[in-house]
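Residues per chain, in single letters:
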Amino acid sequence: MATFALACEGVTDQIALENILCGFYKEYDNLDEEIQPLQPPFDVTTHKQKEGEFGGWEMLLEYLSTKRFRDDVLNSTFLIVQIDTDISEHPHFGVFQHNLTPIELVERVQTRLIEAIDTQGAFYQNHRARILFAVAVHSLECWIVPLYESRKHEKTNECFSTLQRAARIPLSKNYQTYDRLTRPFLKRKTLMATVAQNSSFGIFIDHLPDDVY
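Everything numeric in this text was worked out from a predicted model, so none of it was measured.

(A) Quick peek at the sheet that holds strand E1 (residues 2–7). Strand order across the open sheet formed by 4 strands is E2-E1-E5-E6, with parallel pairing between neighbours. Looking at strand neighbours, the two that pair on one side only are strand E2 (35–39) and strand E6 (131–136), the edges of this open sheet. Going from strand to strand, the sheet's axes swing by 25° on average, the running direction of each strand aside. Examined bridge by bridge, E1 and E2 share 4 bridges and lie parallel to one another. Pairing of Phe-4 across the sheet is with Ile-35, part of E2. The sheet contacts of helix H4 (residues 102–117) involve strand E5 (76–84) and E6, and relative to E6 the element is tilted by about 135°.

(B) View of the state of the cysteines. Applying the stated criterion across every chain yields a total of 1 disulfide. Shown here is the disulfide that connects Cys-142 with Cys-159, its sulfur atoms set 2.1 Å apart. The sign of the 95° torsion about the S-S bond sets the Cys-142-Cys-159 disulfide as right-handed. Of this pair, Cys-142 sits in helix H6 (residues 141–148) while Cys-159 is found in helix H7 (residues 159–167), placing the two residues 17 residues apart along the sequence. Here Cys-142 matches Cys-159 in class, with each residue buried. The closest cysteine sulfur to the non-disulfide-bonded Cys-22 is located on Cys-8, 14 Å from its own sulfur.

(C) Fine view of the pattern of salt bridges. What the rule picks out here adds up to 5 salt bridges. Lys-67 is the salt-bridge partner of Asp-71, the closest N and O atoms lying 2.7 Å from each other. Here Asp-71 pairs with Lys-67, and both are found in helix H3 (residues 67–74), just 4 residues apart, close to one helical turn. A relative accessible area of 60% places Lys-67 in the exposed class. Among the salt bridges present, the one from Asp-179 reaches Arg-183, with a minimum N-O distance of 3.3 Å. The class for Asp-179 is buried, based on a relative accessible area of 15%. Residue classification places Arg-183 among the partly exposed residues on the basis of a relative accessible area of 44%. Through salt bridges with shared partners, one network takes in Glu-149, Arg-151 and Arg-165.

(D) Structural detail: helix H8 (residues 175–182). For H8, the tally of buried residues reaches 6 of 8 residues, placing the bulk of the element in the interior. For H8, the full list of buried residues reads Tyr-175, Thr-177, Tyr-178, Asp-179, Leu-181 and Thr-182. If you follow the buried residues of H8, they end up packed against helix H1 (11–24), strand E3 (42–43), H6 and H7. For H8, the N-terminal capping position is held by Asn-174, with its side-chain oxygen 3.3 Å away from the main-chain nitrogen of Gln-176.

(E) Highlighting the environment of Leu-79. Inspection of the secondary structure assignment puts Leu-79 in strand E5. Placed 95 residues apart in sequence, Leu-79 and Asn-174 show a C-alpha to C-alpha distance of 22 Å.

(F) The arrangement of H4 in detail. The terminal C-alpha atoms of H4, which comprises 16 residues, lie 23 Å apart, in line with the 22 Å expected from a rise of 1.5 Å per residue. For H4, the elements touching its buried residues are helix H2 (57–64), H3, E5, helix H5 (123–127), E6 and helix H10 (199–206).

(G) Summary view of the nonpolar core. In terms of nonpolar packing, the biggest core is built from 44 residues, with Leu-21 and Phe-204 touching the most fellow members. In terms of residue count, H1 provides more of this core than any other element does, 8 residues in total. Discounting residues that sit within four places of it in the chain, Leu-21 has contacts with Phe-4, Leu-6, Leu-31, Ile-35, Ile-80, Phe-204 and Leu-208. In this structure, Leu-61, Leu-79, Phe-93 and Tyr-124 belong to the second largest nonpolar core, which totals 31 residues.

Rules behind the numbers
- Throughout, residues of each chain are indexed from 1 in the direction in which the sequence is written.
- With pLDDT at 70 or above as the cut-off, local features in this predicted model cover only qualifying residues; side-chain atom pairs require 80 or more to be listed or tallied, and sums for whole chains, interfaces and linings still use all residues.
- Water and hydrogen atoms were dropped before computing side-chain values, which therefore reflect all heavy atoms in the structure.
- Being paired, for any two strands, means DSSP has found at least two bridges between them.
- Think of it this way: any DSSP run of H or I at least four residues long counts as a helix, any run of E at least two long counts as a strand, and we number them from the N terminus.
- Note on geometry: axes are C-alpha line fits, over the in-contact stretch for helices, and angles between N-to-C directions span 0 to 180 degrees.
- Residues count as neighbours in contact if any of their non-hydrogen atoms are within 4.5 Å of one another.
- Throughout, a disulfide means two cysteine sulfur atoms within 2.5 Å of one another.
- Using a 1.4 Å probe on the protein chains alone, a residue whose accessible area is under 20% of its type maximum counts as buried, one over 50% counts as exposed, and one in between counts as partly exposed.
- Salt bridges are defined by distance alone: a side-chain nitrogen of Lys or Arg within 4 Å of a carboxyl oxygen of Asp or Glu.
- For the purposes of these results, a polar contact is taken to be a pair of N or O atoms within 3.5 Å, where, inside protein, one atom must be able to donate a hydrogen and its partner to accept one; residues adjacent in sequence count only when each atom of the pair is a side-chain atom.
- Expected helix span is taken as 1.5 Å per residue step, with the number of steps being one fewer than the number of residues.
- In this text, buried Ala, Val, Leu, Ile, Met, Phe, Trp, Tyr and Cys residues form a nonpolar core when linked through side-chain atoms within 4.5 Å.

Okay, structure coming up:
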């Protein structure tokens, strides 16, 4: 049984969350061996999405209503659902952002995800202690930006292009690049200083359990 299972939009989100978890739970040795990417399915040999499998927010939303998701929850200590809010106003998602604070937007997106889980019953309500949400406003890159650029106010827009400029490395959406970008999170002091600069990141960290074993 995995300590943390990851259901994300893509493999870059999976490795970013893995480094965040390993930094937060610094007292646990070899936690990375207890973290299992499940959606999209991950090929540990190539460090890429498995051939023939699909990622993205629409596949994630579909996955949440399946028996596979329910089995994954029951076979994990915790399962983390990650999504970016940049897609929230898409007709198939239906969460409008007008006049919402980042905290309000996170709450509404979480509600939408719970609705997807509970289309066929009250699975979330019965297992809510095991299901965690990592909702990034408006992209997970916004959680990473403060590692490379100091700001007076949190940044929630155009974070990929900002990160591309500030990190000063060729920025590609692949596992290796995002592993390199997020390795500073392995230091808990650095992680917590970054969390303090982004409210949606803070919500995720605040809801992590104190003890995972």
